[in-house]
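# Structural overview for review
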Amino acid sequence: MAGKNIKVLLVEDNPGDVFLLQDFLKEVTTVVVDLSPVDRLSEALNYLAKELFDVILLDLSLPDSQGLETFVIAHHQAKGTPIIVLTGINDETLAIRAMQEGAQDYLVKGQVTGDLLVRSMRYAIERQRADNALRQSEERFRVALKNSPIFVYNQDCDLRYTWVYNPSSGLTVEGILGKQDLDIIPVEDAQRLTTIKHGVLTTGIGMREEVSITIKDTTRYYDLTVEPLWNESQEIVGVTCASIDISERQAALRERKLAEEKIREQAALLDVTTDAICLRDLNNQIIFWNKGAETLYGWKATEAWGKNASELLYDEPSPEIEAALLQVISKGKWQGELTKLTKMDKEILVASRWSLVCDEQGKPKSILSVDTDITEKKHLEAQLFRAQRLESIGTLASGIAHDLNNILTPILAGAQLLPLKFPDVDERTRHLLEILEINARRGADLVKQVLSFARGVEGKRITLQLRHLIVELGKILKETFPKSIEISTDVIQDLWMVSGDSTQLHQVLMNLCVNARDAMANGGSLSISAENVLIDENYARMNLEAKEGPYTVITVSDTGTGIPREILDRIFEPFFTTKDVRQGTGLGLSTVLGIVKSHAGFVDVYSELGSGTSFKVYLPAVEGMETLTPEELPPQTGHGELILVVDDEVAIQEITRTSLEAYNYKILIASDGIEAIALYAKNRDKISAVLMDIMLPLLDGLIAIRTLRKINPQVRIIASSGLMSDNKLSALAAIGVNTFLSKPYTVNELLLSLQTVLS
């Protein structure tokens, strides 16, 4: 009540007492008291008929009324208004009687202060409000019980009925009060109830039981709740009980059980099949579940009965299931393939057949489904299709690899020799030659990668410094991307090393950059940066693909159109693309994700529509020094050694001759195996080594090598080919050829191979 007015009706005939009370209240600053004094009861009753007051201060000795009757009359007139009795020192007994009749408090004149008076009025108002709320609650409770089937009663410690409300049919309140259960129901039923209630009296713990009572050959079933009844001293003085008649529900349950039993008897023979057979009602509740279903799904029949089939067997509702239900209801049958869940949350694929079951009147009553597990069959089919696909790719790759590598070999070697032949070219031409060599290498590596994919072999892993890859990529992009796109790179000096395939990682970055270019049709900024990041436990918990530890992070950001939020989660799906037909296959980002995952990394993407996109590629960092590839080592110069080059491609003959002569070697050329044997037999003492292509016309390279071995068991041979099977590699090792040069090869790789065999 703090900060509010208290409206008070003061009924007091002594002007001195009225003055004192008014004076006391003036001293109180916490509340404003609006005091209306009257000196007669009749005058007070007139006020109460017209106005509402928060509290009444009532003197019981008035000119027109005396004693307890004064309070009774006032209380009857204003039942919802709290009354505080004002009394003299000698009249406290009368005041106490008034409180027993409903007064909220009493104050003794001469012992009152302003604070005491205000506090008493506040307490009186709050208690009155609580009393009013309690009465309303009790009335609502009474009305609710009156309109419900619940029989509520109390019993004392001797289990005699002390209070009864809404008794069961055939019983009356008068016929129950003061009696025990043995007095009103059969002995066996009464003993059962007595045992339950004594248990609650002893333990102080409530119980809920289903009980039956038989009267005149009629059995009724009740849901009985028994709770201990406590007094103010926290002593158990009896029990309070609530009983609900559930006989009709029990009868329905028994009928359902009988029907289910009949179904089980009729379907007993179905348990011998391995198929899962399930019968469910039109509310999708399972009413039959055979042994095959137990085996397939893991749920025992007792666990499945009564459960909703969709909640038991599916992760979430799907349009496919809804369509199946509609078809089986409308057409009487449905069949198809469905993905379902077992008890262990394992997904399985089943061939499912549904049939609508009708009653004697032809009304639908249930749905019978028969499921056959085809998970393993589908897995085998997928493996077969994958094997066939890989075999087709391998056959295609094998058919073109030799010719493609023969084309790339002179291009790659020529790109390396041109700067030596023309050392005085301008800077731009030299830069273009660098780009030509770099991309020829990439082309060669990609052919090898396709062949490795066809053979099911992962790319070669070496310790890489990604700074070189990013700097090299930046040069290529500046030469090839539109001038309207500003390209920048930012790589920290102490960037951590990673273990990976440089060609695959180059493909990852190139795919991301090409996508960024396509998103900036009107120009913009493309930045490539790299930094070190240490992922902690908290980050790893938020990203399931991340693990604790050091990572090297490459960020490719653009200022393009951005990616709409609704498709952001789908951009890594194979064949998903937003580009026009013939402008994109939808494989770029799925390839990026596949390569990064094969390197034990992960990808995060951030995008805002209209503001650009940022891809972050996380690769686990490793310790160690950068692994130098052969082309990065300094070239080796010969000492006039004579080398026999055996190859059927004129372009490879010429470029190999030019390359080796540039590094102080002498060359003999043979176009097939027969010519090679003849030249070697004639110049045996002069030839230091033989570079032999394995795939030759007229005479196979393996046969030619065996023949040369017979001529000179110490002959030094470098075998070369763009396509080598494991069988042929094993055959080369068996005849003593330990150096193999894969086409297309660089000048450095050729020189290093020669150095190896000559040393």
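Residues numbered from 1 in each chain as written. Predicted model: local features only at pLDDT ≥ 70, side-chain atom pairs only at ≥ 80, totals over all residues. Heavy atoms only, no water.

### Points about the overall build of the protein chain
Note the threshold: Runs of E in the DSSP output that reach at least two residues are strands. Runs of H or I that reach at least four are helices, and both are numbered from the N terminus. Here's how the labels work: a residue is buried when its accessible area is under 20% of the maximum for its type, exposed when over 50%, partly exposed in between, all with a 1.4 Å probe on protein chains only. Between two residues, a contact is recorded if the distance between any of their heavy atoms is within 4.5 Å. Using a 1.4 Å probe, the Shrake-Rupley method yields the accessible areas, and only the shown protein chains count as cover for residues.
When helices and strands are tallied, the protein chain shows 23 helices and 29 strands. The burial tally for the protein chain puts 42% of its 759 residues in the buried class. Long-range contacts, defined as pairs at least 24 residues apart, comprise 62% of the intrachain contacts of the protein chain with a sequence gap of at least 6. With an accessible surface of roughly 42000 Å², the protein chain has 53% of that area assigned to carbon and sulfur atoms.

### Considerations on the sheet that holds strand β7 (residues 105–108)
Strand pairing in a sheet relies on backbone hydrogen bonds, with the paired strands running either antiparallel or parallel. Here is the rule we go by: Only strands that DSSP links by at least two bridges are regarded as paired with each other. Note on method: axes are straight lines fitted to C-alpha atoms, helices fitted across the in-contact stretch only, with angles between N-to-C directions ranging 0 to 180 degrees.
Read from one edge to the other, the open sheet built from five strands follows the order β2-β1-β3-β6-β7, with strand pairing classed as parallel. A strand with exactly one partner marks an edge of an open sheet, and here the two such strands are β2 (32–38) and β7. Across this sheet, the average inter-strand angle for adjacent strands is 25°, counted without regard to direction. Looking at chain direction, strand β1 (residues 5–11) and β2 are connected through seven bridges and run parallel. By the bridge assignment for β2, valine 11 is matched with valine 38. Across the face of the sheet, helix α2 (residues 41–50) comes into contact with β1, β2 and β3 (55–59) while running at roughly 150° to β1.

### Brief notes about unusual backbone geometry
A positive phi angle, near 65°, is found at aspartate 345, a position not held by glycine. Here aspartate 345 shows up in the loop between β15 (333–341) and β16 (347–358). Backbone geometry at asparagine 664 places phi at a positive 70°, although glycine is not the residue there. Inspection of the secondary structure assignment puts asparagine 664 in the loop between α19 (650–662) and β26 (666–670).

### Side note on the nonpolar core
The following threshold applies: By nonpolar core we mean a set of buried residues, namely Ala, Val, Leu, Ile, Met, Phe, Trp, Tyr and Cys, connected to one another through side-chain atoms within 4.5 Å.
Membership of the largest hydrophobic core comes to 40 residues, with the highest contact counts inside it found for Leu526 and Phe615. Sorting elements by how many residues they give to this core places helix α16 (residues 502–518) first, with six residues. Once residues within four sequence positions are removed from consideration, leucine 526 is found in contact with Leu477, Phe481, Ile485, Glu486, Ile487, Ser488, Cys513, Ala516, Met520, Val556 and Ser557.

### Some remarks on a negative patch on the surface
As a reminder of what qualifies: Exposure above 30% relative accessible area and no salt bridge define the residues that can form patches, which grow by joining like charges within 9 Å and nonpolar side chains of Val, Leu, Ile, Met, Phe, Trp and Tyr within 5 Å. What makes a salt bridge here is a side-chain nitrogen of Lys or Arg within 4 Å of a carboxyl oxygen of Asp or Glu, nothing more. Residues counted as positive are Lys and Arg, residues counted as negative are Asp and Glu, and His and the chain ends are not counted. Lysine's charge is taken at NZ, arginine's at CZ, aspartate's at CG and glutamate's at CD.
On the surface, a cluster of negative charge is made up of Asp13, Asp39, Glu43 and Asp64. Along the chain, the position of aspartate 39 falls in the loop between β2 and α2.

### Some thoughts on the sheet that holds strand β27 (residues 687–693)
In spatial order, the strands read β26-β25-β27-β28-β29; together these five strands make up an open sheet with parallel pairing. Because the sheet does not close on itself, it has two edges, and the strands there are β26 and β29 (739–742). Each strand of the sheet is rotated relative to its neighbour by a mean of 25°, with strand direction disregarded. As paired strands, β27 and strand β28 (residues 717–721) are joined by four bridges and run parallel to one another.

### As for the packing of helix α15 (residues 466–480) against α16
Describing two packed helices takes the angle between their axes plus the distance from one axis to the other. The condition that has to hold: Roughly parallel means an angle under 35 degrees; roughly antiparallel, over 145; roughly perpendicular, 65 to 115; everything else is oblique. In this scheme the handedness of a crossing depends on how the near helix is turned from the far one: anticlockwise by less than a right angle means left-handed, clockwise means right-handed. Under the grouping applied here, Gly and all other residues not named as nonpolar or charged are polar, the nonpolar ones being Ala, Val, Leu, Ile, Met, Phe, Trp, Tyr, Cys and Pro and the charged ones Asp, Glu, Lys and Arg.
One can describe the packing of α15 onto α16 by two numbers: an axis separation of 11 Å at closest approach and a directional angle of 45°. Judged by the angle between their axes, α15 and α16 are oblique. Here the hand of the crossing between α15 and α16 comes out right-handed. Along the contact surface, α15 presents Leu466, Leu469, Ile470, Glu472, Leu473, Ile476 and Leu477, while α16 presents Ser502, Leu505, His506, Leu509, Met510 and Cys513. Partitioned by chemical class, the residues of the contact of α15 with α16 number 10 nonpolar, two polar and one charged.

### Quick look at the pattern of salt bridges
Summed over the entire model, instances satisfying the criterion amount to 15 salt bridges. In the salt-bridge network here, residues are joined through shared partners; they are Glu12, Asp17, Asp59 and Lys109.

### Re the packing of aromatic side chains
To describe a pair of aromatic rings, you give the distance between the ring centres and the angle between the ring planes. The condition is simple: Between the rings of Phe, Tyr and Trp (Trp by its six-membered ring), a pair exists once the centres lie within 6.5 Å; its type follows the angle of the planes, with under 30 degrees stacked, over 60 edge-to-face, and the other angles tilted.
Summed over all chains, the structure comprises nine aromatic pairs. Considering the side-chain rings of tyrosine 551 and phenylalanine 602, the 5.6 Å spacing of their centres and the 70° angle between planes classify their relative orientation as edge-to-face. Of this pair, tyrosine 551 sits in strand β22 (residues 549–558) while phenylalanine 602 sits in strand β23 (residues 602–608), and the two are 51 residues apart along the sequence. In this structure tyrosine 551 comes out as buried when scored by relative accessible area, which is 4%. Between phenylalanine 602 and tyrosine 618, the ring centres sit 4.5 Å apart and the planes meet at 10°, which makes this aromatic pair stacked. Of this pair, phenylalanine 602 sits in strand β23 while tyrosine 618 sits in strand β24 (residues 612–622), placing them 16 residues apart in sequence.

### Details of the pairing of β27
Note the following rule: Orient the strands so they point away from the viewer; a crossover is then right-handed if the path from the first strand over the helix to the second runs clockwise.
The buried fraction of β27 amounts to six of the seven residues, a majority that puts the element mostly inside the structure. Summarising the sheet, strand β25 (residues 642–646) and β27 pair through five bridges and their orientation is parallel. Looking at β27, one finds that isoleucine 643 is bridged to alanine 689. Handedness of the crossover joining β27 and β28 through helix α21 (residues 701–711): right-handed.

### Things to note about the environment of serine 243
Looking at the secondary structure, you find serine 243 in strand β12 (residues 236–245). Sequence spacing of serine 243 and tyrosine 222 is 21 residues, and the spatial spacing of their C-alpha atoms is 6.1 Å. Leave out the neighbours within four places in its chain, and serine 243 touches Pro149, Ile150, Phe151, Tyr222, Asp223 and Leu224.

### Remarks on helix α3 (residues 68–77)
In an α-helix there are 3.6 residues to a turn, and that puts residues three or four apart on one side. So the rule is basically this: Think of it as the arc spanned by the lines of direction from the helix axis to the C-beta atoms.
Leu68, Thr70, Phe71 and Ala74 are the residues of α3 that are buried. All buried residues of α3 project into a common sector of 150° when viewed along the axis, lining one side. Projecting away from the buried face of α3 at angles above 90 degrees are the exposed residues Glu69 and His76.

### A short note on a nonpolar patch on the surface
A surface patch of nonpolar side chains, amounting to about 430 Å² of accessible area, comprises Ile407, Ile411, Leu418, Phe422 and Leu436. If one sorts the elements of the nonpolar patch by residue count, helix α13 (residues 375–421) sits on top with three residues. Here isoleucine 411 lies in helix α13. The class for isoleucine 411 is partly exposed, based on a relative accessible area of 36%.

### Comments concerning helix α23 (residues 747–758)
Selection rule: Helix span, expected: 1.5 Å multiplied by one less than the number of residues in the helix.
Relative to the 16 Å expected for 12 residues at 1.5 Å per residue, α23 spans 16 Å between its end C-alpha atoms, a close match to the ideal helical length. Here α23 lies mainly inside the structure; nine of its 12 residues are buried. Considered for burial, the residues of α23 that qualify are Val747, Asn748, Glu749, Leu750, Leu751, Leu752, Ser753, Leu754 and Val757.

### Quick word on the confidence of the model for the protein chain
Note the threshold: Known as pLDDT, the predictor's per-residue confidence is scaled from 0 to 100.
Of all residues in the protein chain, 85% have pLDDT values of 70 or greater, and the mean over the chain is 82. Scored below 50 in pLDDT, residues 452–458 makes eight contacts in the model with residues more than four places away or belonging to other chains.

### Quick notes on the packing of α19 against α23
At their nearest, the axes of α19 and α23 sit 11 Å apart, and the two run at 65° to each other. As the angle between them shows, α19 and α23 are arranged roughly perpendicular. Once α19 is placed against α23, the crossing between them reads as right-handed. Across from Thr656, Ser659 and Leu660 in α19, the residues of α23 making contact are Val747, Leu750, Leu751 and Leu754. Along the lines of polarity and charge, the residues of the contact of α19 with α23 split into five nonpolar, two polar and no charged.

### Remarks on the side chain of arginine 280
To keep it simple, the criterion reads: In protein, a polar contact requires one atom able to donate a hydrogen and another able to accept it; more generally it is a pair of N or O atoms within 3.5 Å, and residues adjacent in sequence count only if both atoms are side-chain atoms.
Its location among the elements puts arginine 280 in strand β13 (residues 276–281). Nearest to the buried, unbridged arginine 280 among oppositely charged side chains is aspartate 371, at 7.3 Å. A distance of 2.7 Å separates the side chain of arginine 280 from the side chain of asparagine 284, its partner in a polar contact. The residues touching arginine 280, leaving out its near neighbours within four places in the chain, are Gln285, Ile286, Ile287, Ala309, Leu325, Trp354, Ser366, Ile367 and Ser369.

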